[in-house]
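Structural overview for review
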Amino acid sequence: MAPKKVLAVVLAGGEGKRLMPLTADRAKPAVPFAGSYRLIDFALSNLVNSGYLQIVVLTQYKSHSLDRHISETWRMSTLLRNYIASVPAQQRRGKSWFLGSANAIYQSLNLIHDAQPDIVVVIGADHVYRMDFAQMVDAHVKSGASVSVAAVRQPMNLVDQFGVIETDPDDPGRIAAFVEKPKSTPGLPDDPDSFLASMGNYVFTTDALLKALEDDAARLDTKHDMGGDIIPYFVERNDAAVYDFTTNEIPGSTDRDRQYWRDVGTMDSYYDANMDLISPLPLFNLYNLQWPIYTRQSVSPPAKFVRSSSGQSGEAHDSIVSAGVVVSGGAVQSSVLATDVFIDEAAEVTGCVLLDKVHVGAGAVVRRAIIDKNVRIPAGATIGVDPDLDRRRGFAVTDSGLTIVSKGQVVPPG
């Protein structure tokens, strides 16, 4: 049988309100992550590693940095008809912008008509994981369903943050109910404290997707959402299959990171996902070269650790240190340092995520904080030491005590 022709659609138009202030000036998929990457790099790397090289990325809010990253990084061979195209909202179906994730695809149906695929893979752009979508497509074809939804187990206390999948007891491969972010749901038969969460990854048979989108566009009682409207549309017709993420095999993966999947939708989850990377045996292994995560390569010089003018050693432990970083007599512990960060003499950085070109002055102390790009922390200043002081200075502080300094924010002298 001839292989199915696949078009991949990446939904990258969300505002990312819960990731403010990191999304104050950029789209959520463009948020930097793990020192050298953008969040969208994980979705695109998974598709490319799966062998799917015709990809459209639907954008809307504050998309300049995202568009620039895609155009500079994700260049494919047009000779082989491969492409990754960033597509903004264009009002092709009326005078409105994208009204929801389903409406984003509906307004971009010209892309599907042009590509003429047998299968459409639809995924989000803001999760951290590895996945071979070719395996999911194979399972979808075998299921005979019009749509397959990838599912991952999550603890019950997160039930109101995900689309929840309940399977048919008589046919565990079929979805009996799909509820978007409910307040409660029954636990799994073999694990009452867990539930099946939608990963936001879908595989559609093209004709069925087109009809569902047309029907949704004609309705008045819809939010035009993939999880809230399109998937229930198929569930009501007993035409939706579930794909178990735990069956997905990735070359080079280990028992520790094989089932890793994180939704970095809040500041605390974003911070935790960064911290997952830095242990000697990380929960998510960036160094699996059999399934690489691709990104734009910096032109910065190598990182270096040097003594300060007074002879104090620069050092970093249990940390990710990107190109261009200079630690000059400072101390870094359990942190992620992005490109061109500078740590001055006697400065202490512990449990932090520092984005591009952050400058930490001599003697400054920064603990459990996220510092956005280009922020200069003066000599002797403190961040993350006193949450009440951080709030009075206008910094964002989460309920867990994590401090966030936004891009361009001025840090008072120490």
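Residues numbered from 1 in each chain as written. Predicted model: local features only at pLDDT ≥ 70, side-chain atom pairs only at ≥ 80, totals over all residues. Heavy atoms only, no water.

An unreviewed UniProt entry lists the protein under the name Glucose-1-phosphate adenylyltransferase, with Arthrobacter pityocampae given as the organism. According to the UniProt record, the Catalytic activity (unreviewed entry) comment for the protein is "alpha-D-glucose 1-phosphate + ATP + H(+) = ADP-alpha-D-glucose + diphosphate". As recorded by UniProt, the Pathway (unreviewed entry) comment attached to the protein reads in full: "Glycan biosynthesis; glycogen biosynthesis." (UniProt positions renumbered as here; feature names shortened; annotations may be inferred.)

**Structural notes on the domain arrangement of the protein**
Looking at the protein, the domain boundaries give domain 1 (6-275) and domain 2 (304-405). Between domain 1 and domain 2, the C-alpha centre-to-centre distance is 34 Å. Where domain 1 abuts domain 2, roughly 1,300 Å² becomes buried across the two surfaces, and 66% of that area is made up of carbon and sulfur atoms. When the buried surface of domain 1 facing domain 2 is broken down by residue, Gly35, Asp268 and Tyr271 rank first, second and third, together holding 38% of it. At the boundary of domain 1 and domain 2, one finds 1 salt bridge. When the shortest N-O distance is used, the salt bridge between aspartate 372 and arginine 26 registers 3.1 Å. In this assembly, domain 1 and domain 2 are joined by 4 residue pairs in polar contact (both at pLDDT 80 or more). Top contributing element to the side of domain 1 that touches domain 2 by residue count: helix α8 (residues 267-275), with 6 residues. Residue composition of the side of domain 1 that touches domain 2, grouped by class: 8 nonpolar, 3 polar and 2 charged. (Domains from an automatic or database assignment. Buried area = accessible area lost by both parts, 1.4 Å probe. Salt bridge = Lys/Arg side-chain N within 4 Å of Asp/Glu carboxyl O. Polar contact = N/O pair within 3.5 Å; in protein donor to acceptor, adjacent residues only side chain to side chain. Helix = DSSP H or I, 4+ residues; strand = E, 2+ residues; numbered from the N terminus. Nonpolar A, V, L, I, M, F, W, Y, C, P; charged D, E, K, R; others polar.)

**Quick look at helix α5 (residues 133-143)**
Within the span of α5, buried status applies to Phe133, Ala134, Met136, Val137 and His140. Looking down the long axis of α5, one finds its buried residues gathered within 160° of arc, a one-sided arrangement. Contacts from the buried residues of α5 go to α1 (40-49), β6 (119-124), β7 (127-129), β8 (147-155), β11 (194-205) and β12 (240-244). Just downstream of α5 lies glycine 144, where phi reads positive at about 80°. (Buried < 20%, exposed > 50% of the residue type's maximum accessible area, 1.4 Å probe, protein only. Arc of directions from axis to C-beta. Contact = heavy atoms within 4.5 Å.)

**Observations concerning the pairing of β6**
The element β6 is largely enclosed, with a buried count of 6 among its 6 residues. Side chains Ile119, Val121 and Ile123 of β6 all project onto a buried face; the interleaved residues Val120, Val122 and Gly124 project onto the opposite face, where all are buried too. By the bridge criterion, 6 bridges tie strand β1 (residues 6-12) to β6 in an arrangement that is parallel. Bridging from a neighbouring strand, valine 6 pairs with isoleucine 119 of β6. Both β6 and β11 contribute to a ladder of 4 bridges, which runs antiparallel. Counterpart to valine 120 in the pairing with β11 is phenylalanine 204. (Pairing = 2+ DSSP bridges.)

**Focus: the pattern of salt bridges**
Taken as a whole and assessed by the stated rule, the structure comprises 14 salt bridges. Note that glutamate 72 is salt-bridged to arginine 296, the shortest N-O span being 3.3 Å. In this pair, glutamate 72 is assigned in helix α2 (residues 64-73) and arginine 296 in the loop between α8 and β14 (304-306), connecting sequence segments 224 residues apart. Residue glutamate 72 is classed as partly exposed on the basis of its relative accessible area of 32%. For arginine 296, a relative accessible area of 42% gives the class partly exposed. Aspartate 255 is paired through a salt bridge with arginine 258; the nearest N and O atoms lie 2.7 Å apart. By sharing partners, the salt bridges in this structure join Arg68, Glu72 and Arg296 into a single network.

**Points about α2**
Along α2, the residues classified as buried are Ser65, Leu66, His69, Ile70 and Thr73. In an axial view of α2, the angular spread of the buried residues amounts to 135°, which keeps them on one side of the axis. Tucked into the core, α2 has its buried residues touching β1, β3 (37-38), α1, β4 (54-59) and β5 (83-88).

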